[in-house]
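Residue-level listing of the chains:
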Amino acid sequence: MAIRHVVFDIGNVLLNFNPEFAYLDLIPDQEERRAFLRDVCSRDWITAQDRVQAWAPGEAALIARYPEREALIRAFRERWHDMVPETIADSVGILQALSGDGYDLTALTNFNGETFDEASQRFDFFKLFRDITVSGRIGLLKPEPEIFRHHMNAFDLLPEATVFIDDVAANVEAARNAGWHSVQFINPDRLKRDLRSLDVSI
């Protein structure tokens, strides 16, 4: 069956996301900065924030664990825009081309509800999606199977006519387990080749 539905991840597919950008002047030493993001504002903590709409409760819980790091923990939210400074322009170009060709475009993203609302107001490409599943709004995360079922049912996708694009291998595999076509995002040129291999015109 021909691909009709194209589902995009957002972070590091359409938007550059790097927490280090917010801390370059606050923690000038690279090793110390990376240790802070590894051990305090960690990947697990960021993922937990992506499961919820409100930022403050998770922030407060982390400050309670590391009170001496309060200012740096609060800086994560206060400087969040510094972490997403720009789009990946060539990826947005692919999205625009697919929109012009009439593909059904949706997004499935792990994103805190509050920061998603801000990002969607900053960047125009969000308007190209018919709709978006945001993890923080529904309390589910990729690669959990339930979030793929939710997205498919909410937006009436045919799995065999759907391709999913994500930079995280585990999410790509979860989409395949849901019966979707799926490609891992490496860079825009590779994405074009992968889509063409599925007879998606781009």
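Residues numbered from 1 in each chain as written. Predicted model: local features only at pLDDT ≥ 70, side-chain atom pairs only at ≥ 80, totals over all residues. Heavy atoms only, no water.

Peer 1: Quick question: what am I supposed to make of the overall build of the protein here?
Peer 2: Scanning the protein for helices and strands turns up 11 helices and 5 strands. For the protein, the C-alpha radius of gyration of 18 Å lies close to 17 Å, the compact-globule estimate for 202 residues. For the protein, the C-alpha atoms occupy an extent of roughly 55 × 30 × 30 Å along the three principal directions. In the protein, buried positions account for 47% of the 202 residues. Within the protein, contacts between residues at least 6 apart in sequence are counted, and of these 69% link residues at least 24 apart. (Helix = DSSP H or I, 4+ residues; strand = E, 2+ residues; numbered from the N terminus. Rg over C-alpha atoms; globule rule 2.2 N^0.38 Å. Buried < 20%, exposed > 50% of the residue type's maximum accessible area, 1.4 Å probe, protein only. Contact = heavy atoms within 4.5 Å.)

Peer 1: Would you mind showing me how to read the layout of surface pockets here?
Peer 2: Over the atoms rolls a probe the size of a water molecule, and its path tells where empty space is left. Size it by volume and the largest pocket reaches roughly 500 Å³. Around the largest pocket, the lining is made up of 23 residues, and of these Gly11, Phe17, Arg43, Asp50 and Asn110 lie nearest the centre. In terms of residue count, the dominant contributor to the lining of the largest pocket is helix 2 (residues 43-50) (4 residues). The residue makeup of the lining of the largest pocket, split by class, is 9 nonpolar, 8 polar and 6 charged. (1 Å grid on protein atoms, 1.4 Å probe; cavity = no way out; pocket = protein on both sides within 12 Å on 5 of 7 lines; lining within 4 Å. Points joined across faces, edges and corners; volume = space filled by probe spheres on them. Nonpolar A, V, L, I, M, F, W, Y, C, P; charged D, E, K, R; others polar.)

Peer 1: Help me understand the sheet that holds strand 5 (residues 181-184) in this model?
Peer 2: In a beta sheet, neighbouring strands pair by backbone hydrogen bonds and run either parallel or antiparallel. Strand order in the open sheet formed by 5 strands is 3-2-1-4-5, with parallel pairing between adjacent strands. Lying at the two open borders of the sheet, with one neighbouring strand each, are strand 3 (131-134) and strand 5. In this sheet, neighbouring strand axes are inclined to one another by 20 degrees on average, regardless of whether the strands run parallel or antiparallel. Inspection of the sheet shows strand 4 (residues 162-166) paired to strand 5 by 4 bridges, in the parallel sense. In the sheet register, Phe164 faces strand 5, and the bridge partner there is Ser182. Docked against the sheet, helix 9 (residues 145-154) engages strand 1 (5-8), strand 2 (104-109), strand 3 and strand 4, running at close to 155 degrees with respect to strand 2. (Pairing = 2+ DSSP bridges. Axes fitted to C-alpha atoms, helices over the stretch in contact; angles between N-to-C directions.)

Peer 1: How should I be thinking about the environment of Thr87 in this particular structure?
Peer 2: Along the chain, Thr87 falls in the loop between helix 5 (80-83) and helix 6 (89-100). The spatial distance from the C-alpha of Thr87 to the C-alpha of Tyr23 is 20 Å, given a sequence separation of 64 residues. Among all residues touching Thr87, those that are not within four sequence positions of it are Leu14, Leu15, Asn16, Val92, Phe123 and Phe125.

Peer 1: What's the story with helix 10 (residues 169-177) in this structure? I'm lost.
Peer 2: Given 3.6 residues per helical turn, the α-helix brings residues three or four places apart onto the same face. Of all the residues in helix 10, the buried ones are Asn171, Val172, Ala174 and Ala175. Buried residues of helix 10, viewed axially, fall in a sector of 160 degrees; they line one side. Where helix 10 is buried, its residues contact helix 9, strand 4 and strand 5. In the segment just after helix 10, Gly179 is the residue with positive phi, at about 95 degrees. (Arc of directions from axis to C-beta.)

Peer 1: Could you clarify how one ought to interpret the pairing of strand 1 in this entry?
Peer 2: Each regular strand carries side chains that alternate between the two faces of the sheet. Burial along strand 1 is two-sided: His5 and Val7 facing one way and Val6 and Phe8 facing the other are all buried. Bridge count for strand 1 against strand 4 is 4 bridges, and the pairing is parallel. Bridge assignment links Val6 to a residue of strand 4, and that residue is Val163.

Peer 1: Please clarify how the pattern of salt bridges should be interpreted in this entry.
Peer 2: Note that side chains of opposite charge can pair when their charged atoms are close. The full count for this structure, using the stated rule, is 16 salt bridges. Close ionic contact of Glu59 with Arg74 constitutes a salt bridge, the shortest N to O distance being 3.0 Å. One end of the pair, Glu59, is in helix 3 (residues 56-65); the other, Arg74, is in helix 4 (residues 70-78), with 15 residues separating them in the sequence. Put simply, Glu118 and Arg77 hold a salt bridge, and the shortest N to O gap is 2.6 Å. Residue Glu118 is located in helix 7 (residues 113-122), and its partner Arg77 is located in helix 4; the two are separated by 41 residues in the primary sequence. Since its relative accessible area comes to 25%, Glu118 is described here as partly exposed. (Salt bridge = Lys/Arg side-chain N within 4 Å of Asp/Glu carboxyl O.)

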